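Residue-level structure breakdown
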Amino acid sequence: MTAASPPLLERYRDLIAGEGESFPISLGEGGTPLIRARRLGGEIGIEHLYLKFEGANPTGSFKDRGMVLAVNRALGAGALAVVCASTGNTSASAAAYAAAAGLPCHVILPAGKVARGKLAQALAAGARLIMVDGNFDAALTAVRRLGEEGLAVVVNSINPDRLTGQQTAAFEIVDALGTAPDALALPVGNAGNITAYWRGFRAYADAGRTPDGKLPRMLGFQAEGAAPIVRGEPIEAPETVATAIRIGNPASWQWAVEARDQSGGLIEAVSDEEILDAQRLIVRLEGVFCEPASAAGVAGVRRLAAERRIGPGETVVCVLTGHGLKDPDAVQAEEGSLTPIPPDLGAIRDAMQLYVRRE
Ligand code: F0G
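Report on the accompanying structure. (Residues numbered from 1 in each chain as written. Predicted model: local features only at pLDDT ≥ 70, side-chain atom pairs only at ≥ 80, totals over all residues. Heavy atoms only, no water.)

Further remarks concern the packing of aromatic side chains. Throughout the structure, instances matching the rule amount to four aromatic pairs. When the centroid spacing of 4.7 Å and the interplanar angle of 15° are considered together, the rings of Phe 171 and Tyr 204 count as stacked. Of the two residues, Phe 171 is situated in helix H9 (residues 168-177) and Tyr 204 in helix H10 (residues 192-206); the sequence distance between them amounts to 33 residues. Each of the two residues, Phe 171 as well as Tyr 204, counts as buried. (Phe/Tyr/Trp six-rings, centres within 6.5 Å; stacked < 30°, edge-to-face > 60°. Helix = DSSP H or I, 4+ residues; strand = E, 2+ residues; numbered from the N terminus. Buried < 20%, exposed > 50% of the residue type's maximum accessible area, 1.4 Å probe, protein only.)

Next up, the structure:
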């Protein structure tokens, strides 16, 4: 976003805001790039493949689109504090927007399962971290109760403002392509984002802003060890390398199913190996570094294209929900590449040769 372009909530004001409503807080969210992925598309067999890089948001994930609306409204309503449960990104976003609003922010996190970058963001912004010996689902259950008790405004996606704000990503995709894509692929965790995209595409078409009124098929992907919607029952102990979507009982479950069925789409599972392979392919072929969970959409599309369940001529957008820097520990070093050698030309040249020979 350039300094001259209006903030996200102003750009789509007619579809979001109440009469005369003002939004004093903005960190420059939205306006993220839609990248034509020619090399990746060539590799997986889809000519018109695009990446919506949500890692380019101010705190490095799509959460900022909804958080900006939720925190502006919490501030306007005289909230004394905000609170959320999180696998990491929601807490990083909540901490930043709450800081900008001058509101205390409490974040409840599953101990030991939040990626290092996300933890650093919440700590740096002064959020009050509370680690629980349990998973995201347990933390969200507690947060619901805190919200009912009125101690703080809940800024998880059970707050409808979050999903309203997240619809803007669908608006941007239609604006950029001139219409909706044939299919939109994304990771599914708590299932808010797939719900928001579907509502966004529908709202834009209903408002006459999608010239031909087209709607995409929604393709959602869960991690195999955390795939309650695919299996049709909650998962007690979800497990995946993609910690952002390590969720066993999604809050927006029924709406995700609705998005899938109304759009003629699907929700399937991808393995941790497929997710990490896709993460590596995306950055090595396109230079776009996303976190593991974000690669689930590409992993799924790759499989669907191989099985000819997506046609080579279809226009497909994969949403990359968060930045790779959030989770540096998920990146594997090449063997030997981090072992120091003497700082002389001969040794360095030998080491370079080693790489060339390996490739
Ligand atoms: N991708 C990333 C990077 C995420 O952080 C999340 C969710 C998702 C995908 C899934 O989106 O929940 O709307 O289906 N992260 C939440 C959090 C749960 O606490 O940061 P969803």
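With that settled, consider the sheet that holds strand S10 (residues 315-320). Strand order in the open sheet made by the six strands is S1-S2-S10-S7-S8-S9, with mixed pairing throughout. Strands at the two margins of the open sheet, each flanked by one partner only, are strand S1 (34-36) and strand S9 (266-270). Strand-to-strand twist across the sheet, computed as the mean angle between neighbouring axes with direction ignored, equals 25°. As paired strands, strand S8 (residues 217-223) and S9 are joined by five bridges and run parallel to one another. If you follow Gly 220 over to S9, its bridge partner there is Ile 267. Against the sheet, helix H14 (residues 296-306) engages strand S2 (48-53), strand S7 (183-187), S8, S9 and S10, with an angle of about 100° to S9. (Pairing = 2+ DSSP bridges. Axes fitted to C-alpha atoms, helices over the stretch in contact; angles between N-to-C directions. Contact = heavy atoms within 4.5 Å.)

By nearness alone, 20 residues border the ligand, and Ser 86, Asn 190, Ala 191, Asn 193 and Thr 321 come closest of all. Take Ala 191: an N or O atom from its main chain is 2.7 Å from an oxygen atom of the ligand. Interatomic distance of 3.1 Å between a backbone N/O atom of Gly 192 and an oxygen atom of the ligand. Structurally, the ligand is housed in the largest cavity. Mapped by element, the contributors of at least two residues to the shell around the ligand are helix H5 (89-101) and H10. When grouped by side-chain class, the residues that make up the shell around the ligand number seven nonpolar, 11 polar and two charged. (Near = heavy atom within 4 Å. Polar contact = N/O pair within 3.5 Å; in protein donor to acceptor, adjacent residues only side chain to side chain. 1 Å grid on protein atoms, 1.4 Å probe; cavity = no way out; pocket = protein on both sides within 12 Å on 5 of 7 lines; lining within 4 Å. Sits in = over half its atoms within 2 Å of the grid points. Nonpolar A, V, L, I, M, F, W, Y, C, P; charged D, E, K, R; others polar.)

Pairing is parallel in the open sheet, where four strands are placed in the order S5-S4-S3-S6. If you trace the sheet from one side to the other, it starts and ends with strand S5 (128-132) and strand S6 (153-154), each paired once. Two strands pair when backbone bridges link them, and strand S4 (residues 105-110) and S5 are joined in this way by five bridges, in the parallel orientation. Residue pairing for S5: His 106 is matched across the bridge by Arg 128.

Following the criterion strictly, the structure yields 21 salt bridges and no others. Between Asp 329 and Arg 116 there is a salt bridge, and its shortest N-O distance comes to 2.8 Å. With a gap of 213 residues between them, Asp 329 in the loop between S10 and helix H15 (345-358) and Arg 116 in helix H6 (residues 116-124) connect regions that are remote in the sequence. Look at the salt bridges and you will find they share partners, linking Arg 11, Lys 52, Glu 54, Arg 65 and Glu 172 into a network. (Salt bridge = Lys/Arg side-chain N within 4 Å of Asp/Glu carboxyl O.)

Below, the discussion takes up unusual backbone geometry. The backbone of Ala 191 shows a phi angle near 75°, a positive value even though the residue is not glycine. Mapping Ala 191 onto the fold places it in the loop between S7 and H10. Look at Ala 191 and you get buried, because its relative accessible area is 2%. Unusually for a residue other than glycine, Arg 308 sits at a positive phi of about 60°. By secondary structure assignment, the location of Arg 308 is in the loop between H14 and S10.

Across the interface, H10 lies against helix H12 (residues 253-263) with an axial gap of 8 Å and an inter-helix angle of 45°. With respect to H12, the element H10 is oriented oblique. The two elements H10 and H12 cross, and the hand of that crossing is left-handed. Residues Ile 194, Thr 195, Trp 198, Arg 199 and Arg 202 of H10 pack against Trp 255, Ala 256, Glu 258, Ala 259, Gln 262 and Ser 263 of H12. (Parallel < 35°, antiparallel > 145°, perpendicular 65-115°, else oblique. Left-handed = near helix turned anticlockwise from the far one by under 90°.)

A separate point is the nonpolar core. Leu 184, Ile 194, Tyr 197 and Phe 201 are the most contacted members of the largest nonpolar core, which has 53 residues in total. Setting aside anything within four residues of it in sequence, one finds Ile 194 in contact with Leu 186, Val 188, Met 218, Gly 220, Ala 256, Ala 259 and Ile 267. In this structure, Leu 51, Phe 221, Ile 245 and Val 270 belong to the second largest nonpolar core, which totals 36 residues. (Core = buried A, V, L, I, M, F, W, Y, C linked by side-chain atoms within 4.5 Å.)

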